[in-house]
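Understanding the architecture of this molecule
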Amino acid sequence: MKRIVTIQDISCVGKCSLTVALPIISAMGIETAIIPTAVLSTHTMFPEFTVKDLTSEIRPISEHWKRAEIGFDGIYTGYLGSFEQINLMKEFFADFRTEDNLILVDPAMADNGKLYPAFDEAFAKEMATLCAKADMIVPNITEACFMLGKEYRETYDEAYVKELLGGLSDLGAKISVLTGVGFKEGKTGVMGYDKENDEYFYFEQDKIPCSYHGTGDIFSSTCMGAMMRGLDWKKALTVAAKYTAECIRITWETPGSNTYGVDFERAVPYLLELVKE
């Protein structure tokens with residue numbers, strides 16, 4: 001059985017970060033270790049919440065794992081809350097990288113043209129230095145623009161997206177992906193670039209007219225799990241996009257079910273069918 005570690009925060013109630021990464025990747029048949037970077041009473045879309053920072057636990061955990069000679073087939077980072085956590089991830093990558101494992105970074109820090117309230121442009125630049133050490137990165141367009149110092153556009157064409165992907169690949173990742181990309185009215189998709197083979201890939205589907213918290217985490221987690229199951233990066237992106245859309249559709253069609261995020265649990269059977277294809 002493959003084993004990955006995912007490093008991000010966990011909400012006691014709410015569907016995002018580790019609360020979705022752990023069950024989704026585990027359901028795909030991948031052993032999933034975790035390092036929680038913080039524990040929250042609920043996710044941050046609630047009007048109030050408690051939070052306990054766990055930065056001080058990251059290095060002791062990794063040091064214990066090194067002594068125990070625990071290794072990983074994949075390393076996946078999501079939301080990181082500080083410069084210190086970014087630097088600790090660089091240390092972790094150096095300690096646990098092998099010739100064969102996959103490092104995926106989701107630089108979760110912005111959306112819809114704006115950084116999350118806790119971050120500034122300096123943080124985005126620092127996140128870019130972490131992305132430089134990954135094999136695969138999966139930002140949305142907003143996150144890519146802040147990391148690259150590019151103008152964010154609500155309307156764009158393929159040339160603009162390819163320019164962003166080129167800039168992301170120059171950071172150092174082998175495969176750079178942009179989520180939430182759509183070139184036609186009523187469509188949304190994902191576009192990636194394989195730097196080594198100079199190859200682009202685009203997958204689109206119908207856009208469901210709603211938005212929910214945590215869908216980026218669902219996409220990244222599914223992508224990681226699919227690649228650990230042996231799917232190539234293009235198939236993994238397709239599976240992740242289809243599953244995320246199905247989670248959104250189920251939630252959208254169920255009145256009153258969107259309080260904590262999308263109902264990804266009900267779509268797990270669909271996900272397992274996708275990875276069998």
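As a reminder, the structure under discussion sits directly above these lines.
Described in the following lines is the structure provided in the data block.

About the thresholds
Residues numbered from 1 in each chain as written. Predicted model: local features only at pLDDT ≥ 70, side-chain atom pairs only at ≥ 80, totals over all residues. Heavy atoms only, no water. Helix = DSSP H or I, 4+ residues; strand = E, 2+ residues; numbered from the N terminus. Expected span 1.5 Å × (residues − 1). Buried < 20%, exposed > 50% of the residue type's maximum accessible area, 1.4 Å probe, protein only. Contact = heavy atoms within 4.5 Å. Salt bridge = Lys/Arg side-chain N within 4 Å of Asp/Glu carboxyl O. Pairing = 2+ DSSP bridges. Axes fitted to C-alpha atoms, helices over the stretch in contact; angles between N-to-C directions. Phe/Tyr/Trp six-rings, centres within 6.5 Å; stacked < 30°, edge-to-face > 60°. Lys NZ or Arg CZ within 6 Å of the ring centre and 35° of its normal.

**As for helix 6 (residues 158-171)**
Across its 14 residues, helix 6 extends 20 Å between first and last C-alpha, which sits within 8% of the 20 Å expected from 1.5 Å per residue. All of the buried residues along helix 6 are Tyr-160, Val-161, Leu-164, Leu-165, Gly-166, Gly-167, Leu-168 and Ser-169. Summarising the contacts, the buried residues of helix 6 are in contact with strand 8 (136-137), helix 5 (141-148), strand 9 (175-181), strand 10 (187-194) and strand 11 (199-206). Looking one or two places after helix 6, you find Gly-172, whose phi comes out positive at around 140 degrees.

**Focus on the pattern of salt bridges**
Scanning all chains against the criterion turns up 18 salt bridges. The network of salt bridges with common partners includes Lys-15, Asp-263, Glu-265 and Arg-266.

**Some remarks on the sheet that holds strand 2 (residues 31-42)**
Across the sheet, 9 strands lie side by side as 3-2-1-4-5-8-9-10-11; this open sheet has mixed pairing. The two strands at the open ends of the sheet, each matched to only one other strand, are strand 3 (51-53) and strand 11. As paired elements, strand 4 (residues 74-77) and strand 5 (residues 102-105) share 4 bridges and run parallel to each other. By the bridge assignment, Tyr-76 is partnered in strand 5 with Leu-104. Contacts between helix 6 and the sheet are confined to strand 8, strand 9, strand 10 and strand 11, with strand 9 contributing the most and set at about 145 degrees to the helix.

**Section: the packing of aromatic side chains**
For the coordinates displayed, the defined rule picks out 16 aromatic pairs. Seen in terms of ring centroids, Phe-201 and Trp-233 are 6.1 Å apart; in terms of plane orientation they differ by 80 degrees. Their pairing is edge-to-face. Taken together, the positions of Phe-201 in strand 11 and Trp-233 in helix 8 (residues 233-252) put the pair 32 residues apart, joining distant regions of the chain. Judged on exposure class, the residue Phe-201 and its partner Trp-233 are both buried. Ring pairs connect the aromatic residues Tyr-79, Phe-83, Tyr-116, Phe-119 and Phe-123, which therefore count as one cluster. Above the ring of Tyr-200, the side-chain terminus of Lys-162 is found at 4.5 Å from the ring centroid.

Take it as geometry only, folks, not as evidence of what the structure does.
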